[in-house]
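# Coordinate inspection notes
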Amino acid sequence: MAESRSPRSTRANTAAYLMTKPADFLEGGQRVKIVIVGSGCVGVSAAIAILFKRLASELVLLDANGDLAGAQAEDLGHAAGFLGNPAIVGTKDFSAAREAAVCVIACGRRPAADEDPRTLLDGNLAVLRTAIPSVCKFAPNSVLVIATTPVDILSYAAMKLSGFPPNRVIGVGTFLDSCRFQWFIAEKLGISASSVQAFVIGENGPTSVPVWSAVTVAGTKLRDVNGEIGSRSDPEAWGELHSRVVRSNDELTRRKGHCPWGIGICIGEIVDAVIRNTRVCLTVSTFVKGCRHGLEKDVFASLPCVVGRNGVQSYVRHLYTPEEQDLTTASCRAIYEAQKPIMDQLE
């Protein structure tokens with residue numbers, strides 16, 4: 001029979017009255033912790049993507065500005081009831097990263113208009129020299145997802161600074177470039193972007209390589225329909241779509257101040273592949289030995305990669321055209337030339 005006594009007369013603490021003591025065997029259990037270092041626009045957009053996918057039982061926002069991280073976490077936490085009720089924490093204490101499965105590195109600055117690339121690289125490398133060892137100390141078995149610009153060079157730096165094996169360091173790379181490429185092609189054809197298979201490889205930057213030989217719609221190669229597709233002699237000027245991809249960040253930033261949503265969603269997809277071990281193929285920045293791209297130097301560059309629980313599990317081989325191979329070599333050379341000035345700081 002239910003108690004008829006007044007709760008107010010028998011309980012001084014509402015929570016103690018309302019909740020029975022949890023059974024001992026319910027304590028603990030498997031939890032998935034995801035850490036995002038950097039609570040600016042990109043970090044928060046990544047957090048939203050991860051939370052909406054319900055990938056984390058605990059999400060930690062780490063930032064040198066602990067007040068900002070705490071405020072961002074509280075703001076997100078107010079809607080936690082619609083996100084699977086994860087614990088959402090904001091702090092500047094790196095020990096909160098303990099036993100994280102994935103650590104997203106989204107700290108540092110975005111490039112300013114007409115900024116010297118070396119200035120941006122030096123500044124963001126200095127940030128990573130503190131952030132990477134600090135987070136890896138507490139999450140030594142995690143997978144690192146690098147989103148800080150310039151992403152290819154700093155992914156290489158993250159591998160060196162962390163001491164992690166190459167497969168457990170993933171740069172966002174040309175993943176968003178590939179999404180934009182796919183979207184622009186679909187727009188030109190008047191179909192859904194999900195019906196187009198297309199990717200961009202190499203540098204996350206102006207020397208990226210659109211792989212026109214691999215563009216398909218429902219299994220049909222566009223190159224079989226238009227043999228000149230993507231070339232300078234193409235009467236339909238499909239090559240302009242890649243130029244739009246390269247210009248997208250600058251144009252969106254000019255129009256709206258920043259463009260964090262696309263990259264945040266891409267980060268969420270990478271984290272999803274790791275946490276759920278989906279083994280999906282994504283064009284992410286990964287450690288590439290010189291013999292694979294024709295340049296006898298090792299760099300991080302984007303290739304179609306199979307991503308799963310241990311990070312990059314394998315590359316997908318593609319029969320690139322000679323022109324695509326030459327462009328990829330040139331793209332990797334551009335990455336290496338840009339990272340040469342900091343090599344002595346990483347050894």
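In the block above lies the structure referred to throughout.
Right, let's walk through the structure included here. (Residues numbered from 1 in each chain as written. Predicted model: local features only at pLDDT ≥ 70, side-chain atom pairs only at ≥ 80, totals over all residues. Heavy atoms only, no water.)

A tally of helices and strands in the chain yields 13 helices and 14 strands. Based on the C-alpha atoms only, the size of the chain along its principal axes is roughly 85 × 50 × 40 Å. Counting all 347 residues of the chain, 47% fall into the buried class. Distance between charge centres in the chain, computed from 36 positive and 35 negative side chains, equals 6 Å. (Helix = DSSP H or I, 4+ residues; strand = E, 2+ residues; numbered from the N terminus. Buried < 20%, exposed > 50% of the residue type's maximum accessible area, 1.4 Å probe, protein only. Lys, Arg positive; Asp, Glu negative; His and termini not counted. Charge placed at Lys NZ, Arg CZ, Asp CG, Glu CD.)

One pass over the structure, following the stated rule, counts nine salt bridges. A salt bridge links K289 to D298; its shortest N-O distance comes to 3.2 Å. The partly exposed category is assigned to K289, whose relative accessible area is 42%. Classification of D298 by relative accessible area gives partly exposed; the value is 25%. E337 serves as the salt-bridge partner of K340, at 3.1 Å between the closest nitrogen and oxygen. Residue classification places K340 among the partly exposed positions, given a relative accessible area of 39%. Ionic contacts of the salt-bridge type, sharing partners, join the residues E240, R247 and E251 into one network. (Salt bridge = Lys/Arg side-chain N within 4 Å of Asp/Glu carboxyl O.)

Turning next to the pairing of strand β14 (residues 311–315). Across four bridges, strand β13 (residues 299–308) lies against β14 in antiparallel orientation. Among the inter-strand pairings, V307 is bridged to a residue of β14, identified as V312. Turn length for the β13-β14 hairpin, with the two strands adjacent in sequence and antiparallel, is two residues. (Pairing = 2+ DSSP bridges.)

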